[in-house]
Amino acid sequence: MRQPLRQLRRGPAPALRSAVECELGRALQRGQFRLVYQPILRLGGGGPPLFEALLRWEHPRLGAVSPESFIAMAEENGQILYIGDWVFRTAAAECLRLRRLTGQALRLSVNVSPLQLASRASLQLWIQHLQDIGLPAQALTLEITERVMSQQPRRVAEHLQLLAEAGFRIALDDFGSGYSNLAMLGQFQLDGLKLDRSLTRCLARSQRHRTITSSIVELAHQLQMQVVAEGVEEADDASITRALGCDFGQGYWFARPLSAQQVEQRLAAAA
Ligand code: C2E
Ligand code: MG
Ligand code: MG
């Protein structure tokens with residue numbers, strides 16, 4: 001069953017798809033999801049610890065199913081609303097727990113699918129939830145992608161405004177892949193830009209990619225946005241992204257995604 005799962009993104013056989021979809025519908029209730037946390041390092045050093053929360057689905061028979069396979073499916077059938085809500089609340093609870101445990105102003109990034117931004121009422125529930133548990137919204141960055149443009153842009157802009165006013169940071173994920181929609185940078189108030197791995201991985205060997213990256217960094221800085229280079233796998237990529245002005249780096253060169261317990265150990269060791 002593991003091998004055919006790779007085909008899910010390309011369009012799996014209908015029988016496999018409906019089997020996985022059915023299992024996905026039960027995964028939340030059966031406690032098969034967990035979050036891992038990948039460090040995002042400030043390239044100039046210092047600052048509060050930052051991590052991105054990444055969803056993992058461990059199925060007893062299918063094994064570890066990649067988010068790239070099942071998130072798209074959950075987005076298509078609407079399950080992402082329940083799954084995304086679980087991700088948000090779990091990340092918020094973990095952020096609060098680690099803040100209290102370590103006394104550090106830890107911040108977490110949470111990936112948000114376009115459909116999750118469609119309902120104002122759900123976003124208000126998130127804001128209320130943080131007030132109830134006592135976590136400042138400033139502790140969370142919501143990572144969106146240009147796919148939010150598939151929703152009504154005016155409504156998305158209003159909802160992002162609501163979130164920004166509540167204190168959330170908003171970052172545009174995977175920039176440099178897809179259409180890299182520049183209109184979005186004008187239309188929405190964004191705090192951060194995450195450069196996709198398809199750009200970062202070419203930096204060491206391509207002057208053209210270095211020029212594109214430094215231009216994007218300059219544009220982002222002029223718009224008061226901070227830049228994270230994603231998918232930094234090599235020492236060279238780390239030093240080049242720093243030299244090109246990126247503010248943060250994320251990738252296997254720095255650290256793989258960690259369990260909550262490993263995060264706790266890492267923070268204790270750094271204290
Ligand atoms: P993303 O938000 O761009 O997250 C970064 C992805 O790159 C993660 O894959 C991470 O494990 C991987 N990565 C980090 N460093 C490196 C590196 O140096 N090299 C390479 N090759 N990969 C690296 P992951 O965890 O498989 O997630 C894939 C995508 O699934 C995410 O991309 C995000 O779009 C989506 N996703 C993950 N968790 C969630 C979630 O809770 N909600 C939603 N809506 N989407 C999620
Ligand atoms: Mg992300
Ligand atoms: Mg990304």
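See the structure above.
A brief report on the enclosed structure follows. (Residues numbered from 1 in each chain as written. Chains lettered and ligands numbered in written order. Predicted model: local features only at pLDDT ≥ 70, side-chain atom pairs only at ≥ 80, totals over all residues. Heavy atoms only, no water.)

Brief notes about the pattern of salt bridges
Then, in step 1: On inspection of all chains with the given rule, the structure shows 10 salt bridges.
Then, in step 2: When the shortest N-O distance is used, the salt bridge between Glu23 and Arg26 registers 3.2 Å. Taken together, the residues Glu23 and Arg26, both in helix α2 (residues 14–27) and 3 residues apart, mark about one turn of the helix.
Then, in step 3: On the accessibility criterion, Arg26 (32% relative accessible area) is partly exposed. (Salt bridge = Lys/Arg side-chain N within 4 Å of Asp/Glu carboxyl O. Helix = DSSP H or I, 4+ residues; strand = E, 2+ residues; numbered from the N terminus. Buried < 20%, exposed > 50% of the residue type's maximum accessible area, 1.4 Å probe, protein only.)

Here we look at the coordination of the magnesium ion (ligand 3)
Then, in step 1: Donor atoms from the polypeptide that bind the magnesium ion (ligand 3) are Asp173 (OD), Asp174 (OD), Glu230 (OE) and Glu230 (OE), placed at 1.9 to 2.4 Å.
Then, in step 2: One chain supplies every donor for the magnesium ion (ligand 3), spaced along it as D-D-x55-E.
Then, in step 3: Taking the relative accessible area as the measure of exposure, Asp174 reaches 29% and is therefore partly exposed. (Donors = N, O, S within 2.8 Å, 3.2 Å for Na, K, Ca; no water.)

As for the coordination of the magnesium ion (ligand 2)
Then, in step 1: Donor atoms from the polypeptide that bind the magnesium ion (ligand 2) are Glu52 (OE), Asn111 (OD1), Glu143 (OE) and Asp173 (OD), placed at 2.0 to 2.2 Å.
Then, in step 2: Spacing between the donor residues of the magnesium ion (ligand 2) along their common chain follows E-x58-N-x31-E-x29-D.

A closer look at the site of ligand 1
Then, in step 1: Lining the immediate surroundings of ligand 1 are 22 residues, of which Arg56, Ser113, Asp173, Glu233 and Tyr252 lie closest.
Then, in step 2: Between Asn111 and ligand 1, the recorded distance is 2.9 Å, taken from a side-chain N or O atom to an oxygen atom.
Then, in step 3: Protein burial of ligand 1: of its 800 Å² of free accessible surface, 84% is covered by the chains.
Then, in step 4: Going through the elements one at a time, β2 (50–59), α3 (67–77) and β6 (169–175) are the ones with two or more residues in the shell around ligand 1.
Then, in step 5: Tallying contributions element by element places β2 first for the shell around ligand 1, with 4 residues.
Then, in step 6: Of the residues assigned to the shell around ligand 1, the class counts are 8 nonpolar, 5 polar and 9 charged. (Near = heavy atom within 4 Å. Polar contact = N/O pair within 3.5 Å; in protein donor to acceptor, adjacent residues only side chain to side chain. Areas by Shrake-Rupley, 256 points an atom, 1.4 Å probe, with all protein chains shown as cover. Nonpolar A, V, L, I, M, F, W, Y, C, P; charged D, E, K, R; others polar.)

As for helix α11 (residues 260–270)
The α-helix advances 3.6 residues per turn, and as a result positions three or four apart in sequence lie on the same side.
Then, in step 1: Ala260, Val263 and Leu267 are the residues of α11 that are buried. Taken around the axis of α11, the buried residues stretch over an arc of 55 degrees, which confines them to a single face. Opposite the buried face of α11, at more than 90 degrees from it, the exposed residues are Gln261, Ala268 and Ala269.
Then, in step 2: Those residues of α11 that are buried lie in contact with β1 (33–42), β2 and α4 (80–102). (Arc of directions from axis to C-beta. Contact = heavy atoms within 4.5 Å.)

Side note on helix α9 (residues 207–222)
Then, in step 1: If you check α9, its first and last C-alpha atoms are 23 Å apart, about what 16 residues at 1.5 Å a residue would give, namely 22 Å.
Then, in step 2: Within the sequence span of α9, burial applies to Thr213, Ile216, Val217 and Ala220. The buried residues of α9 occupy one face: seen down the axis, they fall within an arc of 100 degrees. Away from the buried face of α9 by more than 90 degrees, exposed residues Arg208 and Gln222 are located.
Then, in step 3: Of the surrounding elements, those touching the buried residues of α9 are β6, β7 (192–195), α8 (197–200) and β8 (226–229). (Expected span 1.5 Å × (residues − 1).)

Observations regarding the environment of Asp173
Then, in step 1: Its place among the elements puts Asp173 in strand β6.
Then, in step 2: Taking the relative accessible area as the measure of exposure, Asp173 reaches 7% and is therefore buried.
Then, in step 3: Along the chain, Asp173 and Asp196 lie 23 residues apart, while their C-alpha atoms are 7.3 Å from each other.
Then, in step 4: If we ignore the near neighbours within four places in the chain, the residues touching Asp173 are Glu52, Asn111, Glu143, Ile144, Thr145, Lys194 and Glu230.

Some words on the nonpolar core
Nonpolar side chains tend to gather and get buried jointly when the protein is soluble and globular.
Then, in step 1: Counting 70 residues, the largest nonpolar core has Trp57, Leu117, Leu140, Leu142, Ile144 and Phe168 as the members making the most contacts within it.
Then, in step 2: The element that contributes the greatest number of residues to this core is α4, accounting for 9 residues.
Then, in step 3: Excluding residues within four positions of it along the chain, Phe168 makes contact with Phe88, Ile127, Leu130, Ala137, Leu140, Leu142, Leu163 and Asp191. (Core = buried A, V, L, I, M, F, W, Y, C linked by side-chain atoms within 4.5 Å.)

So, the packing of aromatic side chains
Then, in step 1: All told, the structure shown has 6 aromatic pairs when counted by the stated rule.
Then, in step 2: Ring geometry for Phe33 against Trp57: centres 6.2 Å apart, planes inclined by 50 degrees, an arrangement best described as tilted. Residue Phe33 is located in strand β1, and its partner Trp57 is located in strand β2; the two are separated by 24 residues in the primary sequence.
Then, in step 3: Overall, Trp57 belongs to the buried group, its relative accessible area being 1%.
Then, in step 4: Between the aromatic rings of Phe33 and Trp86, the centroid separation amounts to 6.1 Å while the plane-to-plane angle is 40 degrees, which identifies the pairing as tilted. Highlighted residues: Phe33 in strand β1 and Trp86 in helix α4, separated in sequence by 53 residues. (Phe/Tyr/Trp six-rings, centres within 6.5 Å; stacked < 30°, edge-to-face > 60°.)

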